[in-house]
Amino acid sequence: MTNLANTTNIPIAAAKGPVPDPIQAGLAAGWRVTDCARLNADLTLEADVVIVGSGAGGGVSAEILALSGLRVLIVEEGALRSSSDFNMKEAEAYPQLYQESAARKTRDKGINILQGRTVGGSTTVNWTSSFRTPDITLAYWDKQYGLKDYTPEKLAPWFGMMEQRLNVMDWPAAPNENNDLLRRGAAKLGIPTALIRRNVNGCWNLGYCGMGCPTNAKQSMLVTTIPSALTRGATLLTRARAERFVIQGDKVAQLDCVALDASGHAPTGRRITLRARHFIAAGGAINTPALLLRSGAPDPQGLLGKRTFLHPVVISAGTFAQRVDGYAGAPQTVYSDHFLHNAPIDGPMGYKLEVPPLHPLLLATTMAGFGAQHAAEMAQFPHKQVILALLRDGFHAGAPGGSVALDGAGAPVLDYPISDFIWDGARRALLTMAEIQFAAGAKDVSPVHESAPRYTSWAQAQAGIAALPLKLLATRVVSAHVMGGCAMAGDERQGVAGADGRYRGLANLSVHDGSLFPTSIGANPQLSIYGIVARLASNLAQQLTGKPAAIPVRT
Amino acid sequence: MTTRRSFLKIGAAGALLLAAGGAAYRLTHPPAAPQAFVLDGEAGAVLAAILPAMLGPVLPADAAARQAALDGVTSRVLGAIHGLPLGTQKEVQDLFGLLALAPARRLLAGVSGSWREAAPEQVAAFLENWRHHRLGMLQTAYLALHDLILGSWYAEPSTWAGIGYPGPLKELQK
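**Observations concerning the pairing of strand β15 (residues 313-319) of chain A**
All names here are of chain A.
Thinking step 1. Within β15, 6 of the 7 residues are buried, which leaves it mostly tucked inside the rest of the structure.
Thinking step 2. Relative to strand β18 (residues 384-391), β15 is paired through 7 bridges, and the arrangement is antiparallel. When the bridges of β18 are listed, V313 appears paired with L390.
Thinking step 3. Sheet analysis places β15 next to strand β21 (residues 444-447), joined by 4 bridges and oriented antiparallel.

Below is the structure:
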């Protein structure tokens with residue numbers, strides 16, 4: 001019988017609201033979870049495998065390794081929040097669930113980055129869009145990076161396994177108006193669109209995925225793989241920042257962590273030392289390279305932290321006569337890949353079209369201008385429709401990605417210059433989006449840019465956007481997809497990790513997150529991480545146990 | 001209202017002043033482990049002057065309601081700043097510290113008298129100038145103020161009726 005009193009230092013509360021809370025129930029059932037903000041002494045722990053990060057890569061790894069009989073310990077910088085906390089309010093969600101209150105930025109502050117920082121990582125706050133890695137991306141990896149085992153056929157069973165595990169499904173409800181206007185406008189112009197698959201189970205179609213799912217319908221790591229690993233005896237440390245791997249010879253000897261206070265900003269002074277046979281870095285494509293840089297990980301080719309990709313996003317806002325109510329309903333259900341396929345992958349920059357959910361705080365910070373101009377935009381809030389273009393970086397010398405370095409305090413800083421090649425893609429994307437919005441019946445359209453007016457016809461927009469000076473800071477550029485920086489490649493001259501996710505030069509360290517990708521994906525990356533990491537973690541489990549890995553199934 | 005004034009066009013001298021202003025500010029605020037943001041003295045006057053210009057017509061006309069709205073958004077801006085990493089809080093502190101220095105206020109922001117006496121049009125002209133400024137540092141300062149203030153305004157449920165947003169499902173509120 002487990003001694004329940006000793007398994008967690010988090011006060012167990014009854015679920016708040018009408019929806020059962022599986023996290024509170026798990027804590028009550030004896031999950032081993034330590035909130036390091038509450039530690040009043042230093043801590044030393046040992047496990048078979050220590051995993052840094054509890055997002056897409058860490059969550060999938062934790063479940064497969066724990067089900068395979070290994071003692072797993074997960075370190076998470078964010079706090080453990082659950083449906084009892086998820087109130088569908090931006091002012092609460094952004095500080096609690098995102099890196100830097102959802103205001104993480106590149107070095108020159110030109111690009112705003114949305115990344116999760118909570119148990120479940122970005123999967124707790126993403127918009128549920130589920131795409132397998134596009135075939136053309138995998139073909140490019142095979143040809144350019146020697147990743148022979150990353151063919152659509154060889155990965156298909158792993159994508160299939162994770163789609164089953166996370167209930168990735170065709171979304172049965174009709175798209176909301178925000179999405180449907182993309183579909184209708186594109187159809188008028190003969191641009192094909194398709195429907196987005198979603199990892200949800202019993203979704204209420206509310207539209208608040210970005211603030212943490214209040215009904216536990218989203219099959220994020222928070223409610224799937226992490227609970228499964230914890231039920232199998234894994235340990236979770238929250239509000240613990242992985243500071244550095246201590247390297248001895250060709251091995252990681254231990255991981256040094258610091259406990260963060262309840263605000264998540266300052267160390268409390270308590271230190272945590274973690275020892276294991278094997279270590280997995282899965283903190284995401286900014287924090288994983290930064291951890292490895294702080295650790296002095298071997299990097300003979302100078303590749304670590306380089307080629308960091310963002311799918312830089314430019315934005316077009318239209319105003320419609322009818323209500324669009326972009327806050328209501330599944331946030332992303334329609335997309336178009338037409339402009340990813342109408343030129344070679346290594347030709348002029350391609351872009352994927354999607355829409356974002358519209359909520360007051362996010363829209364208010366996104367829309368340009370102030371005073372009367374801004375107030376006039378916000379007064380149209382229910383009538384606004386917004387399209388995003390995700391620019392596919394990493395396939396051309398003009399879009400080589402950015403680089404992660406460390407500031408004086410050891411915190412990561414991402415430098416991401418935007419070349420004329422990328423601006424060319426951005427301009428074509430802004431033109432495309434405006435044309436689609438006018439075709440869908442928009443009264444006016446404006447690219448989100450400090451100097452762009454609200455154009456009232458396609459002809460006007462076409463001339464205006466063609467002449468718009470596209471520069472960072474004046475043009476709103478954002479990202480929710482950080483990839484690369486610890487690239488895997490068949491050849492050591494091209495990547496710090498091998499095709500098996502093992503970090504070159506360190507015998508007991510693997511990288512299991514989006515930082516492995518040698519280019520961007522060209523699609524929302526969550527399912528790429530799930531499927532690829534499922535294979536990496538299964539092979540690792542087999543190597544560590546000498547037995548075939550367990551297969552996770554949805555319960 | 002938004003015509004650029006010659007004194008707002010910063011040349012090399014202005015850039016030097018910017019550096020000198022930062023140095024002067026740092027002299028009086030020696031480096032230490034990053035601390036949480038504090039809205040002290042003149043910084044409070046800076047924010048109080050910028051808020052009405054950034055928010056414009058969304059502020060209520062009635063004096064008491066207007067003051068209550070300004071008090072509310074001030075406290076939300078502080079809360080938003082406190083949600084940022086300490087290093088970023090320090091940058092915001094430096095921005096307010098710089099704006100509070102009289103030479104920077106005059107030459108960088110173009111506000112001649114004190115912030116307490118600044119006319120709304122004068123503050124709006126300053127914001128418009130920084131918004132389009134060729135110095136990236138001033139553009140980022142404008143954008144930080146834009147995001148902190150306008151984000152904090154619309155974070156508040158009482159502002160939602162004004163933009164036709166019904167708010168999240170009441171049944172699921174805790």
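**Quick look at the confidence of the model for chain A**
Low pLDDT means the predicted coordinates in that region are not meant to be read closely.
Thinking step 1. Scored by pLDDT, chain A has a mean of 97; 99% of the residues are at 70 or more.
Thinking step 2. Overall, residues 1-5 of chain A carries pLDDT values under 50, and its contacts beyond four positions in sequence, including any with other chains, amount to 3 contacts.

**Quick word on the interface of chain A and chain B**
Interfaces are frequently sized by the accessible area removed from exposure as the parts join.
Thinking step 1. Taken residue by residue, the interface counts 38 residues in chain A and 37 residues in chain B.
Thinking step 2. Contributions of two or more residues to the side of chain A that touches chain B are made by α3 (90-97), α10 (360-366) and α11 (371-379) of chain A.
Thinking step 3. Sort the elements by how many residues they give to the side of chain A that touches chain B and α11 of chain A lands first, with 6 residues.

**Considering the sheet that holds strand β6 (residues 129-130) of chain A**
Residue and element names in this part refer to chain A.
Thinking step 1. If you trace the 3 strands from one edge of the open sheet to the other, you get β6-β9-β7, paired in antiparallel fashion. Where the open sheet ends on each side, the last strands, each with one partner, are β6 and β7 (168-170).
Thinking step 2. As defined by bridge partners, β6 adjoins strand β9 (residues 197-199) across 2 bridges and the pair is classed as antiparallel. Bridge pairing in β9 links S130 to R197.

**Description of the packing of helix α2 (residues 56-67) of chain A against helix α14 (residues 526-545) of chain A**
Residue and element names in this part refer to chain A.
Thinking step 1. The N-to-C vectors of α2 and α14 enclose an angle of 35°; their axes lie 8 Å apart at closest approach. By crossing handedness, the relation of α2 to α14 is classed as right-handed. Where α2 abuts α14, its residues A56, G57, V60, S61, I64 and L65 lie against Q526, I529, Y530, V533, A534, A537, S538 and A541.
Thinking step 2. Tallied by class, residues from the contact of α2 with α14 come to 10 nonpolar, 4 polar and no charged.

**Re the pairing of strand β13 (residues 267-281) of chain A**
All names here are of chain A.
Thinking step 1. Relative to β13, strand β2 (residues 43-52) runs parallel, the two being bridged by 9 bridges. Bridge pairing links V50 to F279 in β13.
Thinking step 2. Inspection of the sheet shows strand β12 (residues 251-260) paired to β13 by 5 bridges, in the antiparallel sense. Its bridge partner being in β13, L260 is matched across the sheet by P267.
Thinking step 3. Two successive antiparallel strands, β12 and β13, enclose a turn made up of 6 residues, where G264 displays a positive phi of approximately 80°.
Thinking step 4. With 3 bridges joining them, β13 and strand β24 (residues 509-511) adopt parallel strand pairing. Looking at β24, one finds that A281 is bridged to V511.

The rules we used
- Residues numbered from 1 in each chain as written.
- Chains lettered and ligands numbered in written order.
- Predicted model: local features only at pLDDT ≥ 70, side-chain atom pairs only at ≥ 80, totals over all residues.
- Buried ≥ 20, exposed ≤ 12 C-beta atoms within 10 Å, placed from the backbone.
- Helix = DSSP H or I, 4+ residues; strand = E, 2+ residues; numbered from the N terminus.
- Pairing = 2+ DSSP bridges.
- pLDDT = per-residue confidence, 0-100.
- Contact = placed C-beta atoms within 7 Å.
- Axes fitted to C-alpha atoms, helices over the stretch in contact; angles between N-to-C directions.
- Left-handed = near helix turned anticlockwise from the far one by under 90°.
- Nonpolar A, V, L, I, M, F, W, Y, C, P; charged D, E, K, R; others polar.

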